[in-house]
Amino acid sequence: MTAFADRFWTSRDGLKLHFRDYPGRDDRPPVLCLPGLTRNARDFEDLAARLAGDWRVLCVDLRGRGESGYARDAASYNPLQYADDLGELFVQHGLGRAVFFGTSLGGLLTIITAMTAPQRIAGALLNDVGPEIDPAGLERIRGYVGQGRSYPTWMHAARALEESQAEAFPQFSLTQWLAMAKRCMMVGSNGRIHFDYDMKIAEPLAEPAPSGPVDMWPALAGLKDVPSLLLRGEMSDILSAATQDKMHRLLPHSEAVTVPGVGHAPTLDEPEAVAAIGRLLARVR
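Note that the structure is a prediction, hence the values are computed from the model and not measured.

**Student:** I'm lost on the nonpolar core in this one. Help?
**Tutor:** Across soluble globular proteins, nonpolar side chains have a tendency to be buried as a group. Ranked by internal contacts, the top residues of the largest apolar core, which has 87 residues, are Val-31, Leu-32, Val-57, Val-60, Phe-101, Leu-223 and Leu-281. Discounting residues that sit within four places of it in the chain, Val-60 has contacts with Trp-9, His-18, Phe-19, Leu-32, Cys-33, Leu-34, Pro-35, Asn-40, Ala-41, Leu-86 and Leu-89.

Structure follows, in C-alpha cells:
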C-alpha cells in the first residue's frame, strides 16, 4: 500500500475529522478526493497509488464516515454542512487551491464549493453527478442507506454487495467485490462486518426539502474558468446523458467522458477514466 499520513481537522461544531495525506510535489495544488454518500477515504487507494509522488493526494472521510467523528445531531449530515467542514480543512491546514475529485455526493460538494469559494478550485472531476439527479437513482439510494446490515465473513459481505450492485458493475470479479467490501465496511467490536458509516446519515434523506429541490445549475458557473472532467457511467441512474451534455456545453474548459459498462459510479480505475484523469491533470495550472 502506498504510504500516507493520517491527519485531522476540527469542524466548527467540534467534530474531529480525518483525511489521508499522500505526499507529492509542493509546486502544484493537491488533489482533494471527496467520496460518495456511504463511502470513505479508502475508495481512492488505487487512485492515490497512481498519483502520489507527482501529486499530493488528500482523501477525506466526511463526518460520520471512516475515521471521522459521528455527529451528535443527525440533521448536520447535509451537503451544506459537509461543505462547511471542507472549508475548515482549507483554513486549518493552510490549503490555497486544490484539484477537486468528487464522486457522487463529493461532486455535489465540489459544485457547492464552486458557488461559495471558487478560488479554492484549480480543477475539478465530477464523477457521475451533476446539478440534476435522476429521481430513480435517488430512490434507489434511499432504499439501502442506513439499514445497518452486518455479515459474518468478508465473503458474505462481498456477495451481499454483488447482489445489490451487480447491475452497476456487471463485469466485476469476486476479487473486486471483496476489495469493494473492505473499502466500504469494517469489522465491528462484535466481530461482525458492517458498513463503515453512521446509520443516521440516512435520516436527513428521508425528510422532504422544505421548499422543494434546490436549483444547482447556477452554482456550476463557478467552474467555468478551470479545467474540468465530467465523468459518467454508461448505465448510470444518477447522471443522465442529457445532463452531462448540458454541463459540457456550459463549461468551456470541460471534457465529457462516458465510461462503458458501468453504472453509478465509475471507480476511477477504468482505463477510460485513468486516461481522462491524466488529461485533466495535464491542464491544471
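So much for the structure itself; the text now carries on.
**Student:** What should I look at first to understand the pairing of strand β4 (residues 57-61) in this one?
**Tutor:** Both faces of the sheet carry side chains from a regular strand, because those side chains alternate between them. With respect to burial, β4 is a largely interior element, five of its five residues being buried. The two faces of β4 match: Val-57, Cys-59 and Asp-61 on one face and Leu-58 and Val-60 on the other face are all buried. Judged from the five bridges that link them, strand β2 (residues 16-22) and β4 form a sheet pairing that is antiparallel. Bridging across to β4, Arg-20 finds its partner in Cys-59. Pairing between strand β3 (residues 31-34) and β4: three bridges, direction parallel. Paired with Leu-32 across the two strands is Leu-58, which belongs to β4.

**Student:** Is there a simple way to think about the packing of helix α2 (residues 79-92) against helix α3 (residues 105-116) in this case?
**Tutor:** Angle between the axes and distance between the axes are the two parameters that describe a pair of packed helices. Contact geometry for α2 and α3: axes closest at 10 Å, N-to-C directions at 70°. Put simply, α2 runs roughly perpendicular to α3. With respect to the hand of their crossing, α2 and α3 are arranged in right-handed fashion. Of the residues in α3, those touching α2 at Pro-79, Leu-80, Tyr-82, Ala-83 and Leu-86 are Leu-105, Leu-109 and Ile-112. Tallied by class, residues from the contact of α2 with α3 come to eight nonpolar, no polar and no charged.

**Student:** Please explain the sheet that holds strand β9 (residues 193-195) as it appears in this structure.
**Tutor:** The strands that make up a sheet pair up through hydrogen bonds in the backbone, lying either parallel or antiparallel. If you walk across this open sheet you meet the three strands as β7-β9-β8, and the pairing is antiparallel. Both outer strands of the open sheet, β7 (150-151) and β8 (185-187), are each paired with one neighbouring strand and no more. Note that β8 and β9 share three bridges and pair antiparallel. For Met-185, the partnering residue across the bridge sits in β9 and is Phe-195. Helix α5 (residues 154-165) contacts β7, β8 and β9 of the sheet and is inclined by roughly 160° relative to β8.

**Student:** For this particular structure, what's the right way to read the pattern of salt bridges?
**Tutor:** One pass over the full model with this rule turns up 18 salt bridges. The closest approach of N and O atoms between Asp-27 and Arg-25, which form a salt bridge, is 2.9 Å. Overall, the relative accessible area of 37% leaves Arg-25 in the partly exposed class. Of the charged contacts in the structure, one is a salt bridge between Arg-249 and Asp-245, with a shortest N-O distance of 2.5 Å. Here Arg-249 pairs with Asp-245, and both are found in helix α7 (residues 241-250), just four residues apart, close to one helical turn. Among the residues examined, Asp-245 registers a relative accessible area of 39% and is labelled partly exposed. One connected set of salt bridges, linked through shared partners, spans Arg-20, Glu-45, Asp-46 and Arg-183.

**Student:** Got a minute to help me understand the sheet that holds β2 in this structure?
**Tutor:** Taken in spatial order, the eight strands of this open sheet run β1-β2-β4-β3-β5-β6-β10-β11, and their pairing is mixed. One side of each edge strand has no neighbouring strand; the edge strands of this open sheet are β1 (5-10) and β11 (254-259). When the angles between neighbouring strand axes are averaged without regard to direction, this sheet yields 20°. Relative to strand β10 (residues 228-233), strand β6 (residues 121-127) is paired through four bridges, and the arrangement is parallel. Note on β10: the bridge partner recorded for Leu-126 is Leu-230. Its contacts with the sheet put α2 on β1, β2, β3, β4 and β5 (98-103), and the angle it makes with β1 is roughly 110°. This element, helix α8 (residues 271-283), spans β3, β5, β6, β10 and β11 of the sheet and lies at about 170° to β11.

Rules used throughout
Residues numbered from 1 in each chain as written. Predicted model: local features only at pLDDT ≥ 70, side-chain atom pairs only at ≥ 80, totals over all residues. Heavy atoms only, no water. Core = buried A, V, L, I, M, F, W, Y, C linked by side-chain atoms within 4.5 Å. Buried < 20%, exposed > 50% of the residue type's maximum accessible area, 1.4 Å probe, protein only. Contact = heavy atoms within 4.5 Å. Helix = DSSP H or I, 4+ residues; strand = E, 2+ residues; numbered from the N terminus. Pairing = 2+ DSSP bridges. Axes fitted to C-alpha atoms, helices over the stretch in contact; angles between N-to-C directions. Parallel < 35°, antiparallel > 145°, perpendicular 65-115°, else oblique. Left-handed = near helix turned anticlockwise from the far one by under 90°. Nonpolar A, V, L, I, M, F, W, Y, C, P; charged D, E, K, R; others polar. Salt bridge = Lys/Arg side-chain N within 4 Å of Asp/Glu carboxyl O.

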